[in-house]
Structure formats: structure tokens, C-alpha cells
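Summary of the model geometry
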Amino acid sequence: MMMRNGQRYSVGVRKPDGSIAVMEDTYISMTDKHPFLKAPLIRGVFSFVDSMVLGMRCLTFSASFLEDDPEEAEKEPTKFEAWLDRTFGDKLEPVLETIVMVFSFVVAMLLFVIFPTWIAGFLKPVLPHASLLGLIEGVIRVLLFIIYIKVISRTPDIARTFQYHGAEHKCINCVEHGLPLTVDNVAASSKEHKRCGTSFIVYVMLISILLFMVIRVDTLWMRLLSRIILIPVIAGVSFEVLRLVGTHDNALTRLLFIPGMWMQGLTTREPDRDEIEVAIAAVERVFDWRAFEKQTFGLDFSDRPSDVHSTLVDIPVVDGKPVIENS
């Protein structure tokens, strides 16, 4: 479970022994390093890249606790794993992160950009109007994404990830509605949230439909090239829509939130109490929710103790890397 507040972020992991390991570190985004990247329409692209990088860092941290599992600890490394360790040494972790990110991007491009465009091309001769090609391509893209989410959610690890995703939203909704951050209050809160990254993906797909219904080219390779070139533009506009929905509450933003809310029904699940505890531990490490409640709602919860009753294990960070002592 990752929680971020400005440049600070925390990760909470439920260890096999039942305790909660919590790591806190800082991440300076590209838009913070280079303020000109905060300009509207371009900040969305770099914010997305930052999310990918930080997400990989957090996943790598959580995966390191597999070694605490006795069954995993007894397994001998494969020949390939041993070769990787010998070849890259201390640089193995960033190398693997880069490989995974590049591979994920390529697969996403093939599955959700190139494949729908190629399939829709077969229908072009029978369409009554050329603008319908962009609509059909977009519908195929949305259906593929839904099928993809449905398929991967059947695996236990992804299903649990979606439960933690729900716990993250519930914690934020709990605090933003003026409730003390307790397991019971979090459990009763909504698992959908306006600023969710899933909504960003939905806006990307919907805006691409509208854009490609207007931009029409005749040849397949030109259509593919236009889809790839316009990805930053679509991502930039989608990010601005997400910001609008997340920071304003009116009839328009409530309407725009509906597609994202529907999609979050696929990417979030109801968490159990243990998962909510991990989420609360991660929130409390980087966010003073008591001060927020007092400043926003005038409610004083300063004397309320944490509702996390599991043992917390502090994970120190040295030179940007968490130091994990496996038991």
C-alpha cells in the first residue's frame, strides 16, 4: 500500500508474521525538478511517467518481503537469476525496473493502440461514414481494456492488489468526509475516488475516440503513426480533465466522474480489516489527518490514538534504498 503526500511517500506491507513494515522516503517528481513541466497539457505526460517510476519502486520494495516467507526463502535461485545477479550486481534493481517499464509500455502499445487500429481497419470498407472508424476503434479499445482487467483480476495477487486499491480510496474518502481514520470508518467509506488513476485511463480512451473521429487518414500505417504521435496530447488533455473532476464539484464534473466510477468498479475491491490497517499505517506515516480534520472541519481528534494495533516495523532508507533485514 503506497500513500503519497507532496514529495513524501510511504509504503506499508503486511509481513508473513502479521506485522506491518512501513517505509518512508521522498520522491522529487520531474515537474518539481523542472517547474516549466507544470504547464497545462504537458504536465499530465510527466506526471504519468512519475507515477510509473514510483509505482515500480514501491512494487520492488513490497516484493522484497517474499524472502521473509519460509517457503520462498528455501527456494534456490534459478540459473537465470544467478546470472542476472553476477552480471549487474548492485545495479540489478534499477535495470530490472527499466526493463519491466519498457516491456509494459510496449505491450500496452501493441494491445491497446496498434491492435484496435488494425482490427478496426477491416471494417472500414463497410462503414457508411469514415468518422465511425474512430468510434469503432475506441469501442474495441475499451472492450479490450475491460476484458484485460477482468482476466488479470482472477489471479489472487491482482485481486489482493485491487483490494488494497480500494483501501487506499476508502482512507482518503474517510478523511475528506471529516471522519476519524479508524478501521470501521474506513470500511464504511466509498471505494471510488475522483482523483483515481483509473479515471485517467478512461478519459484517455474516451478523448481518443472523440479525437480520432475528427482526425481521419486513409492508410493503415498513417493511422497507426497518428495514434502513437498523439498519445502525449491525449494524455495531457486527459490529465486536465482529471484535475477538473477532482478539484470541482458541480453538475459537469459529477457527470464526467461517472465513466471513471464505473471503471473503478473493476479495479477496486472491498478490502478486509487487515488490509485497511496497512492502509491506515501508510497514511499516518506521511499525512497528519488530525491536523487536516481540524483545519478543514474544525474537528479535534488530537487525543485519538492510532487504530493500527498490529506491530509496526520501521524500514530505514539509506542512500535511497530501503534496508530490509530478513528474519
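Presented here is a report on the structure given in the accompanying data block.

Together, L135, V139, L143, I147 and V151 line one region of the surface with nonpolar side chains, adding up to about 420 Å² of accessible area. Counting through the fold element by element, L135 comes out in helix α6 (residues 132–152). By relative accessible area, L135 is classed as partly exposed at 32%.

Right, let's get into the pairing of strand β3 (residues 20–26). With five of its seven residues buried, β3 lies for the most part within the structure. Where strand β2 (residues 8–14) meets β3, seven bridges bridge the pair, whose relative direction is antiparallel. Within β3, the residue paired with R14 across the bridge is I20. Where β2 hands over to β3, the hairpin turn is made up of five residues, of which G18 adopts a positive phi near 95 degrees. Relative to strand β4 (residues 312–315), β3 runs parallel, the two being bridged by four bridges. Looking at β4, one finds that I20 is bridged to L312.

What follows is about the packing of aromatic side chains. Considering all chains together, one arrives at eight aromatic pairs under this definition. Taken together, a centroid distance of 5.1 Å and an interplanar angle of 80 degrees make the contact between W118 and F122 edge-to-face. What makes W118 partly exposed here is its relative accessible area of 41%. Given the relative accessible area of 55%, F122 is considered exposed. Each residue in the set F112, F145 and Y148 is aromatic and connected to the rest through ring pairs, giving one cluster. Positioned over the ring face of F212 is R227, at 4.0 Å from the centre of the ring.

This next bit is on the nonpolar core. The biggest cluster of nonpolar side chains holds 23 residues, and the ones touching the most others in it are M1, M3, I20, C171, L181, V186 and I280. Those elements giving two or more residues to this core turn out to be β3, α7 (156–176), α8 (183–188) and α13 (273–286). In this view, M3 contacts R8, Y9, S10, E168, C171, A279, A282, V283 and V286; residues no more than four positions away in its chain are not counted. Counting residues in each nonpolar core, the second largest holds 13 residues, with F112, A120, L127 and L133 among its members.

What counts, and where the lines are drawn
- Note that residues are indexed from 1 along each chain, following the sequence as it is written.
- Whole-chain, interface and lining totals are the exception, using all residues; otherwise, since this is a predicted model, local features are given only for residues with pLDDT of at least 70 and side-chain atom pairs are given and counted only at 80 or more.
- Neither water nor hydrogens contribute to the side-chain values; these are computed over all heavy atoms in the structure.
- Like charges are joined within 9 Å and nonpolar side chains (Val, Leu, Ile, Met, Phe, Trp, Tyr) within 5 Å, but only among residues with over 30% relative accessible area and no salt bridge; these make up the patches.
- In this description, accessible areas are obtained by the Shrake-Rupley approach with a 1.4 Å probe, and a residue is regarded as covered only by the protein chains that are shown.
- Definition used for salt bridges: Asp or Glu carboxyl oxygen within 4 Å of a side-chain nitrogen of Lys or Arg.
- Each helix is a run of DSSP H or I of at least 4 residues and each strand a run of E of at least 2, with the numbering of both proceeding from the N terminus.
- The buried label applies to any residue whose accessible area, calculated with a 1.4 Å probe on protein chains only, is under 20% of its type's maximum; exposed applies above 50%, and partly exposed to all values in between.
- By this definition, two strands are paired if DSSP reports at least two bridges between them.
- Aromatic pairs are defined between Phe, Tyr and Trp rings, using the six-membered ring for Trp, whenever the two ring centres lie within 6.5 Å; interplanar angles under 30 degrees are classed as stacked, those over 60 as edge-to-face, and all others as tilted.
- Only lysine NZ and arginine CZ atoms are considered, and such an atom sits over a ring when it is within 6 Å of the ring centre and within 35 degrees of the ring normal.
- By nonpolar core is meant a set of buried Ala, Val, Leu, Ile, Met, Phe, Trp, Tyr and Cys residues that side-chain atoms within 4.5 Å join together.
- Two residues form a contact once any of their heavy atoms are found within 4.5 Å.

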